[in-house]
Amino acid sequence: MPQKRLVIADDESLIRIHLKETLVGLGYLVVGEAGDGVSAINLVRDLQPDLVIMDVKMPQLDGIRAGRGAG
């Protein structure tokens, strides 16, 4: 079975690092990381991941609106 491709979006870099280490250890492939909602939307459009893990409170665009694709 191919690895699931993920994007992680969180404004805290330490959280992103920890999540990435954990997810890679579980066999996932982290294909992108974003620190704000706008960047997350752009990454998702470009990379077409299988799953996005996103913080709710982020600068520029919160995770709820970003998850809906609002830009």
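To be clear, the structure that these remarks concern was listed above.
The structure contained in this document is the topic of the report that follows.

## Overview of the sheet that holds strand β3 (residues 51-54)
Each strand in a sheet pairs with its neighbour through backbone hydrogen bonds, running either in the same direction (parallel) or in the opposite one (antiparallel).
At step 1: Pairing in this open sheet of three strands is parallel, and the strands run β2-β1-β3 from one edge to the other. Where the open sheet ends on each side, the last strands, each with one partner, are β2 (29-34) and β3. Recorded for the sheet is a direction-independent mean angle of 20° between the axes of neighbouring strands.
At step 2: With five bridges connecting them, strand β1 (residues 5-9) and β2 associate as parallel partners. Among the inter-strand pairings, L6 is bridged to a residue of β2, identified as V30.
At step 3: Helix-sheet contacts for helix α1 (residues 13-25) involve β1, β2 and β3, and the interaxial angle to β2 is about 170°.
At step 4: Here helix α2 (residues 37-47) sits on the sheet in contact with β1, β2 and β3, set at roughly 145° to β2.

## Considerations on the environment of D62
At step 1: Mapped onto the elements, D62 comes out in the loop between β3 and α3 (63-67).
At step 2: Sequence spacing of D62 and T22 is 40 residues, and the spatial spacing of their C-alpha atoms is 24 Å.

## Considerations on the pattern of salt bridges
At step 1: One pass over the structure, following the stated rule, counts two salt bridges.
At step 2: Measuring nitrogen to oxygen at the nearest pair gives 3.6 Å for the salt bridge that ties E33 to R16. One end of the pair, E33, is in strand β2; the other, R16, is in helix α1, with 17 residues separating them in the sequence.
At step 3: E33 sits in the partly exposed class, given a relative accessible area of 35%.
At step 4: Residue class for R16 comes out buried when judged on its relative accessible area of 16%.
At step 5: We note a salt bridge from K20 to E33, for which the minimum N-O separation is 3.4 Å. Residue K20 is found in helix α1, and its partner E33 is found in strand β2; the two are separated by 13 residues along the sequence.
At step 6: According to the relative accessible area criterion, K20 is partly exposed, its value standing at 33%.
At step 7: One network of salt bridges, in which partners are shared, links R16, K20 and E33.

Reading the values: rules and limits
Residues numbered from 1 in each chain as written. Predicted model: local features only at pLDDT ≥ 70, side-chain atom pairs only at ≥ 80, totals over all residues. Heavy atoms only, no water. Pairing = 2+ DSSP bridges. Helix = DSSP H or I, 4+ residues; strand = E, 2+ residues; numbered from the N terminus. Axes fitted to C-alpha atoms, helices over the stretch in contact; angles between N-to-C directions. Contact = heavy atoms within 4.5 Å. Salt bridge = Lys/Arg side-chain N within 4 Å of Asp/Glu carboxyl O. Buried < 20%, exposed > 50% of the residue type's maximum accessible area, 1.4 Å probe, protein only.

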